[in-house]
Protein chains: 2
Amino acid sequence: MSIKIGILGYGNLGRGVEAAIKQNDDMELVAVYTRRDPSTLKIATEGVPVRSQAALESGKEDVDVLVICGGSATDLPVMTPKFAAMYNVIDSFDTHANIPTHFKNVDDAAKAAGKVGIISAGWDPGMFSLNRVYADAILPSGRAYTFWGKGVSQGHSDAIRRIEGVLDARQYTIPVEAALDAVRSGANPELTTRQKHTRECFVVAAEGADKAAIEEAIVTMPNYFADYDTTVHFITMEEMKRDHSGLPHGGSVIHSGTTSDGVNQVIEYKLTLDSNPEFTGSVLAACARAAYRMNAEGISGAKTLLDIAPAYLSAKSGDDLRAHYL
Amino acid sequence: MSIKIGILGYGNLGRGVEAAIKQNDDMELVAVYTRRDPSTLKIATEGVPVRSQAALESGKEDVDVLVICGGSATDLPVMTPKFAAMYNVIDSFDTHANIPTHFKNVDDAAKAAGKVGIISAGWDPGMFSLNRVYADAILPSGRAYTFWGKGVSQGHSDAIRRIEGVLDARQYTIPVEAALDAVRSGANPELTTRQKHTRECFVVAAEGADKAAIEEAIVTMPNYFADYDTTVHFITMEEMKRDHSGLPHGGSVIHSGTTSDGVNQVIEYKLTLDSNPEFTGSVLAACARAAYRMNAEGISGAKTLLDIAPAYLSAKSGDDLRAHYL
């Protein structure tokens, strides 16, 4: 008997979760829920219904776990607590500063309903968070660095698209190799924002647009680009579609510490991802399995990956894991 | 109030645990236990008693967690179940093939006593196992590779020391860069033993010993060296002491998988350790904290790192972790 998964929201992340479910024999997609008119949405999985989000609000949909694929700014703060009062839920809430509040809201709703709500799953927050915590627990006299990229930052790409005269844009965040090397050496360097990452932008400008003005608007944009060394390349729409249609990403969490005088120990966790949303969706699918199992054992409330024993995420039995993976 | 830790066995690993306890404010070393005459053992921590292993057998020693630092061949299969019947215990049992049996023996003893016994902690088994399981749970259509080194293999060093005419020896296991690169590229290569690692040996020969015969005995030794490209360097005892007194180690677990057609995702967990026993000791100390906390919540039985929610390993509170590490 497989775990019945519902997906709420069918953007890049929702499609990533759908792809992940296909790879796991112990789970099945039972419905995709949408705020749009369901009849306008065609999904990749044959024979699975698309239903209105309103249908979920009865609390009676036959899903074991609902994976909520909404935005962190306005969707998830409302949706996750609301549906945690009815279903086991998973989200990828990634506004780091607001995680404590979101956790509390989901915890209250999920505990009252006897459900599990796993929040902030994915890779950062998510797998990177896990690795920051494991490394700090093992090497408390140490220091962690997080590098992102090379990868597409959707927030930065969107910021460029809002500049007048820009038709399309893609922004890559790139870690500085010298900084990575210094951290990996155990030197525990002090690094400024500029020393850690560079930003590379590919921009399609409208015909007759002032390219110099666009470039200036990008490299001086506060918060997004002003603190970085930024390069801007103007390309054609054809080149954009041909060379920049993917959403690769990744990065490294590097923790360097000492266990006694002069004895350095370095832990690195590194992701190299062809598709950010498909990887994130795969983490969410594994979390759906964990939520289902934990709830079946009578556990309820909000959880993050930090609260989940790793074996809950795996389709394999404890005996199998001990015999073949330990 | 700090967690009272006892260490049983004071070799390299016991000293590594002792060093780790010094770095953690929430734990204190209360005694070192030994099979030797306690009066002959001088430990690094001032004011902490050295006691006989026999003292533990009363079951009345005032320790919250006993970290057992014995060998996997003959010590731990007996000691860990025995003391799990009296105390919360931690070990680093690393004979992979016998882990299921050891787990069962410790589980039976610990459950009957209402204690927690964490087995096979360290880095392999341990942190490497964790990363194999996380990666397989996220990317089930994938494949994991484990590389070890560059680092000292104590078993291989010992094997060389048993050859006639050898006064001392140190063997380094070295991963083959081309193999690492192929795996990191996502190519999922088939790799033979010889293609993954090389072995480099530093040997001090007795005066007048037949060096050619020693070298031949090493490179043809079944199981240990015959399947590898092995190089042998003869050095002086002085060079051995000067250049090869450390116990560095490390390695990588690399899992490469696809989330849909042609979409590669690569996860790498890499350790670069100046001191293998101090790092292993640091993992054991974090596990001691987890055992203490889980037992305080009424949990009992055998556990591995796969069964421990990561937050149990950290000295920081859930609120603190969510606010600053997630």
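Residue numbering note: each chain is counted from 1, following its sequence as written. Numbering of ligands from 1 and lettering of chains from A proceed in the order in which they are written. Thresholds applied to this predicted model are a pLDDT of at least 70 for local features of residues and 80 or more for the giving and counting of side-chain atom pairs; totals over whole chains, interfaces and linings are not thresholded and use all residues. Note that water and hydrogens are dropped before the side-chain values are worked out from all heavy atoms of the structure.

A look at the environment of Asp64(B)
Residue and element names in this part refer to chain B. Mapped onto the fold, Asp64 is located in the loop between α2 (53-56) and β4 (65-68). Distance from Asp64 to Val89, taken between C-alpha atoms, is 8.8 Å for residues 25 residues apart in sequence. Excluding residues within four positions of it along the chain, Asp64 makes contact with Ser2, Ile3, Lys4, Asn88 and Tyr292. To qualify as a helix, a DSSP run of H or I must reach at least 4 residues; to qualify as a strand, a run of E must reach at least 2; elements of each kind are numbered from the N terminus. We call two residues in contact whenever any of their non-hydrogen atoms come within 4.5 Å of each other.

A few points about the confidence of the model for chain A
As a per-residue quantity, pLDDT reports the predictor's confidence and falls between 0 and 100. Across chain A, the average pLDDT comes to 97, with 100% of residues at 70 or higher. Interface confidence for the predicted complex, expressed as ipTM, amounts to 0.96; the pTM equals 0.97.

A short note on the pairing of strand β12 (residues 249-260) of chain A
Residue and element names in this part refer to chain A. When a residue's accessible area, from a 1.4 Å probe over protein chains only, is under 20% of the maximum for its type it is buried; when over 50% it is exposed; and in between it is partly exposed. The buried fraction of β12 amounts to ten of the twelve residues, a majority that puts the element mostly inside the structure. Only strands that DSSP links by at least two bridges are regarded as paired with each other. Two elements, strand β7 (residues 142-148) and β12, share seven bridges in a ladder whose sense is antiparallel. Paired with Ala144 across the two strands is His255, which belongs to β12. Between the end of β12 and the start of strand β13 (residues 263-273), which pair antiparallel, lie two residues, with Gly262 showing a positive phi angle near 75°.

Quick look at the side chain of His156(A)
Following the sequence through the fold, His156(A) ends up in helix α6 (residues 154-161). On the basis of relative accessible area, His156(A) is assigned to the buried category, the value being 13%.

Here's the deal with the sheet that holds strand β13 (residues 263-273) of chain B
With antiparallel pairing, the six strands of this open sheet are ordered in space as β7(A)-β12(A)-β13(A)-β13(B)-β12(B)-β7(B). Bordering the open sheet on either side are β7 of chain A together with β7 (142-148) of chain B, each of which pairs with just one other strand. The mean inter-strand angle of the sheet, taken between neighbouring strand axes irrespective of direction, is 10°. Judged from the eleven bridges that link them, β12(A) and β13(A) form a sheet pairing that is antiparallel. For Val253(A), the partnering residue across the bridge sits in β13(A) and is Tyr269(A). Orientation is described by axes fitted as lines to C-alpha atoms, over the contacting stretch for helices, and by angles from 0 to 180 degrees between their N-to-C directions. Sitting on the sheet, helix α11 (residues 276-296) of chain A is in contact with β12 and β13 of chain A together with β12 (249-260) and β13 of chain B, with an inclination near 70° to β13(B). Across the sheet, helix α7 (residues 177-184) of chain B is in contact with β7, β12 and β13 of chain B; its angle to β12(B) comes to roughly 30°.

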